[in-house]
There are 2 protein chains.
Amino acid sequence: MNQPRPPGLRALIEPALGETASLLDQTLDTLLPEPAGLEARLIEAMRYAVIGGGKRLRAFLVLQSGRLFGVDRRALARAAAAVECVHAYSLVHDDLPAMDDDDMRRGRPSVHRKFDEAAAILAGDALQAHAFTILAAPETHADPYVRCELMARLANAAGASGMVAGQMIDMSVEGKAADVTTITRLQRLKTGALISFACEAGAIMGKASPPMRHALLGFAQDLGLAFQIADDLLDVEGDDVIVGKKLGKDEARGKATFVKALGVERARSQAQVLAEQAVRHLDIFDEKADLLRAAAAWSVSRKG
Amino acid sequence: MNQPRPPGLRALIEPALGETASLLDQTLDTLLPEPAGLEARLIEAMRYAVIGGGKRLRAFLVLQSGRLFGVDRRALARAAAAVECVHAYSLVHDDLPAMDDDDMRRGRPSVHRKFDEAAAILAGDALQAHAFTILAAPETHADPYVRCELMARLANAAGASGMVAGQMIDMSVEGKAADVTTITRLQRLKTGALISFACEAGAIMGKASPPMRHALLGFAQDLGLAFQIADDLLDVEGDDVIVGKKLGKDEARGKATFVKALGVERARSQAQVLAEQAVRHLDIFDEKADLLRAAAAWSVSRKG
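Cut-offs used in this document
- Residues numbered from 1 in each chain as written.
- Chains lettered and ligands numbered in written order.
- Predicted model: local features only at pLDDT ≥ 70, side-chain atom pairs only at ≥ 80, totals over all residues.
- Heavy atoms only, no water.
- Helix = DSSP H or I, 4+ residues; strand = E, 2+ residues; numbered from the N terminus.
- Rg over C-alpha atoms; globule rule 2.2 N^0.38 Å.
- Buried < 20%, exposed > 50% of the residue type's maximum accessible area, 1.4 Å probe, protein only.
- Contact = heavy atoms within 4.5 Å.
- Areas by Shrake-Rupley, 256 points an atom, 1.4 Å probe, with all protein chains shown as cover.
- Lys, Arg positive; Asp, Glu negative; His and termini not counted.
- Charge placed at Lys NZ, Arg CZ, Asp CG, Glu CD.
- Buried area = accessible area lost by both parts, 1.4 Å probe.
- Salt bridge = Lys/Arg side-chain N within 4 Å of Asp/Glu carboxyl O.
- Polar contact = N/O pair within 3.5 Å; in protein donor to acceptor, adjacent residues only side chain to side chain.
- Least-squares fit on C-alpha atoms with pLDDT ≥ 70 in both.
- Axes fitted to C-alpha atoms, helices over the stretch in contact; angles between N-to-C directions.
- Parallel < 35°, antiparallel > 145°, perpendicular 65-115°, else oblique.
- Phe/Tyr/Trp six-rings, centres within 6.5 Å; stacked < 30°, edge-to-face > 60°.
- Lys NZ or Arg CZ within 6 Å of the ring centre and 35° of its normal.
- Expected span 1.5 Å × (residues − 1).
- Arc of directions from axis to C-beta.
- Core = buried A, V, L, I, M, F, W, Y, C linked by side-chain atoms within 4.5 Å.
- Disulfide = S-S within 2.5 Å.

Draft legend 1. Representation of the overall build of chain A in the model. Along chain A, the regular secondary structure elements total 15 helices and two strands. A compact globule built from 304 residues would reach a C-alpha radius of gyration of about 19 Å, and chain A, at 18 Å, matches this within 12%. When its C-alpha atoms are laid out on the principal axes, chain A stretches across 60 × 50 × 35 Å. Counting over 304 residues, chain A shows a buried share of 61%. Excluding contacts between residues fewer than 6 apart, the proportion of contacts in chain A whose partners are at least 24 apart in sequence is 74%. A total of about 11300 Å² of accessible surface is found on chain A, and carbon and sulfur atoms cover 52% of it. Averaging the locations of the 37 positively and 40 negatively charged side chains of chain A gives two centres separated by 2 Å.

Draft legend 2. Structural context of unusual backbone geometry. Residue and element names in this part refer to chain B. Its identity as a non-glycine residue notwithstanding, aspartate 101 has a phi of 50°, on the positive side. Its place among the elements puts aspartate 101 in the loop between helix H4 (73-94) and strand S1 (104-105). Residue class for aspartate 101 comes out partly exposed when judged on its relative accessible area of 35%. The backbone phi angle of arginine 106 is positive, close to 55°, even though this residue is not glycine. Relative to the helices and strands, arginine 106 is located in the loop between S1 and strand S2 (108-109).

Draft legend 3. Region of the structure containing the interface of chain B and chain A. The interface is formed by 44 residues belonging to chain B together with 45 residues belonging to chain A. If you sort the residues of chain B by the area they bury against chain A, B:Leu38, B:Leu122 and B:Met168 come out on top, with a joint share of 17%. Our count for the contact surface shared by chain B and chain A stands at two salt bridges. B:Glu39 serves as the salt-bridge partner of A:Arg185, at 2.6 Å between the closest nitrogen and oxygen. On inspection of chain B and its partner chain A, the count reaches six residue pairs in polar contact (both at pLDDT 80 or more). The biggest single contributor to the side of chain B that touches chain A is helix H6 (residues 117-136) of chain B, with 12 residues.

Draft legend 4. Up close: the side chain of A:Arg105. Residues and elements named next belong to chain A. Mapped onto the elements, arginine 105 comes out in strand S1 (residues 104-105). Assessed through its relative accessible area of 18%, arginine 105 is described here as buried. For arginine 105, the residues in contact, after removing those within four places along its chain, are Leu91, Asp95, Ser110, Gly244 and Lys245.

Draft legend 5. How the structure looks around the relation of the copies chain B and chain A. Mapping chain B onto chain A leaves a residual RMSD of 0.0 Å; the transformation is a rotation of 180° accompanied by 0.0 Å of translation along its axis. Considering both components of the superposition, the chain copies are consistent with a two-fold axis. When each C-alpha of chain B is compared by its distance to the rotation axis, B:Pro144 comes out closest, at 2.7 Å.

Draft legend 6. Representation of the packing of helix H8 (residues 163-172) of chain A against H6(B). It is at 10 Å that the axes of H8(A) and H6(B) come closest, and there the two elements cross at 170°. It follows from the interaxial angle that H8(A) and H6(B) lie roughly antiparallel. Contact residues: A:Val164, A:Gln167, A:Met168 and A:Met171 in H8(A); B:Ala118, B:Ala119, B:Leu122, B:Asp125 and B:Ala126 in H6(B).

Draft legend 7. The packing of aromatic side chains, seen in detail. Tallying each qualifying case throughout the model produces seven aromatic pairs over all chains. Measuring from centroid to centroid gives 5.6 Å for A:Tyr48 and A:Phe115, while their planes differ by 70°, and the two rings are edge-to-face. Of this pair, A:Tyr48 sits in helix H2 (residues 40-50) while A:Phe115 sits in the loop between helix H5 (111-114) and helix H6 (117-136), and the two are 67 residues apart along the sequence. This pair shows no difference in class: A:Tyr48 is buried, exactly as A:Phe115 is. Residue placement shows B:Arg108 over the ring face of B:Tyr48; its charged tip is 4.3 Å from the ring centre.

Draft legend 8. Spotlight on helix H14 (residues 264-280) of chain B. Residues and elements named next belong to chain B. Its 17 residues give H14 an end-to-end C-alpha distance of 25 Å, which sits within 8% of 24 Å, the value for a rise of 1.5 Å per residue. Of all the residues in H14, the buried ones are Ala267, Ala271, Leu274, Ala275, Ala278 and Val279. Buried residues of H14, seen end-on, are gathered within an arc of 135° and therefore sit on one face of the element. In H14, the exposed positions that point more than 90 degrees away from the buried face belong to Glu265 and Arg266. Residues of H14 that are buried sit in contact with helix H10 (210-237), helix H13 (258-262) and helix H15 (290-301).

Draft legend 9. Quick peek at the nonpolar core. Grouped together as the largest cluster of nonpolar side chains are 228 residues, with contacts concentrated most on A:Leu42, A:Leu61, B:Leu42 and B:Leu61. With residues up to four places along the chain from it excluded, the contact list for B:Leu42 reads A:Ala160, A:Val164, A:Ala165, A:Met168, B:Leu122, B:Ala123 and B:Ala126.

Draft legend 10. Broad picture of the state of the cysteines. Under the counting rule described, the total for this entry stands at zero disulfides over all chains. The closest cysteine sulfur to the non-disulfide-bonded A:Cys199 is located on A:Cys85, 18 Å from its own sulfur. Under the relative-accessibility criterion, A:Cys199 is labelled buried at 0%. With no disulfide partner, B:Cys85 has as its closest neighbouring cysteine sulfur the one in A:Cys148, 18 Å distant.

Spelled out as structure tokens, the structure:
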């Protein structure tokens, strides 16, 4: 029973992700300001960047990890919205011409193509600030120690010890030969840190016991890497229309990817091994964790 | 006695700003990570952006407003460092080619000239996150309610209801005729919001009474505008070498400034009126507020 348990659980995940996406769009619509005044374009760019698209994996992880500890769903939706603000801002900045220079994202023009570069830089900046506005409010959790811990962990996951460091390394090894150790560290920072925070957030809000929090972090680490390898594979083998962005760009730009370092076959089996390993961390939880188990299977079998 | 009380107090301000600058450089050196690993360049860019330059007005305001309520100086230095991280990140992003396209800042090449655009975008992003890392820690204040309030107010001052909105408006009115009302709102957001937070932070940390907090906010609002008008005047009349950046750019870019809307003479007298008005809010405080009073006089008489 230590496997991702297809196919029953896989059938659960798509509707659950769909529900998460609706909940997040509603929540973000409420939490973001309305476009008004001379800065209306900024708010429009923020909304465009974060509402109505994306897989919402990180939001899903917040909701499902918090559910294990009976945390209020509205509070979890707020924390999930904060994580999606940070994720969306990172994509907006990564897509900029000075960074990965991507014209399409989630099947639509990227923010700097739809608006302009200045608006994209500023919308990203404001989305990062907004994540902390959301988390700092008592509606997210009555206990200020919990709110402080959420913000401390998010800031750490997002900044120079996490996501941004990963993006910097990603740019710096472009066009160079990078070994699997380097790529693993890069990805643990670039995508893993925020995915880990998403799982940890539920545990923090639910005041989970240390073993349970540890289990979720172990799950997140393996899931994050499995998810990233699957992303690298999609860039080689996926369908542009389903994925919603131009593919094959990793190789064209000389990106350091798992596929480049391991080859397609070994990358695929490595992703599978990690997804199975991820699920094993969840043995401590009962069937309430089944959707998290299903997410691990989904992460390596998705088409987009 | 309702005036900025030159010249005695003016003589106090320069050494006090010098002390603030040393304290901040030390504090930021301790609080920022050391450059290491493949992301070393990111850390170097962050340190370059925030250590060893700048007037440190915002830090000074945190330190002096907190001092009114007997707040521990080390704790205030942390909050001041957080504010300077946000201020520095905003300058790094504002200087980018897609924004104000400035090659020089504080007498040195701007971050994207010294490093590159990607490093500048990412260093700015990481500095913003770092501000919250600093504020979230118990060393900043033992009371988690206070830490949450600091973070809520900073996020609000920095984001789409504050600084970033101001920058967006600044870009959007470029080359257009803007009236004083528009310019005032623009500047209250772009520079005023963070200056207000700097004064409020000391009051929050010292659990100041509402009238005292209100007084500091009134002071900050007037000081912020006075300071900005003085900046606009320096762009027209200042010395490039003393100011540390290329001047005359506001007019060249068609920026909406107080000088453009009011003319040099009216702008100068308006700054003076605001500086005097700022000081009147401080009547509620004893001589401990003299350095804040001196800052108001300095803000409109400085050469850089």
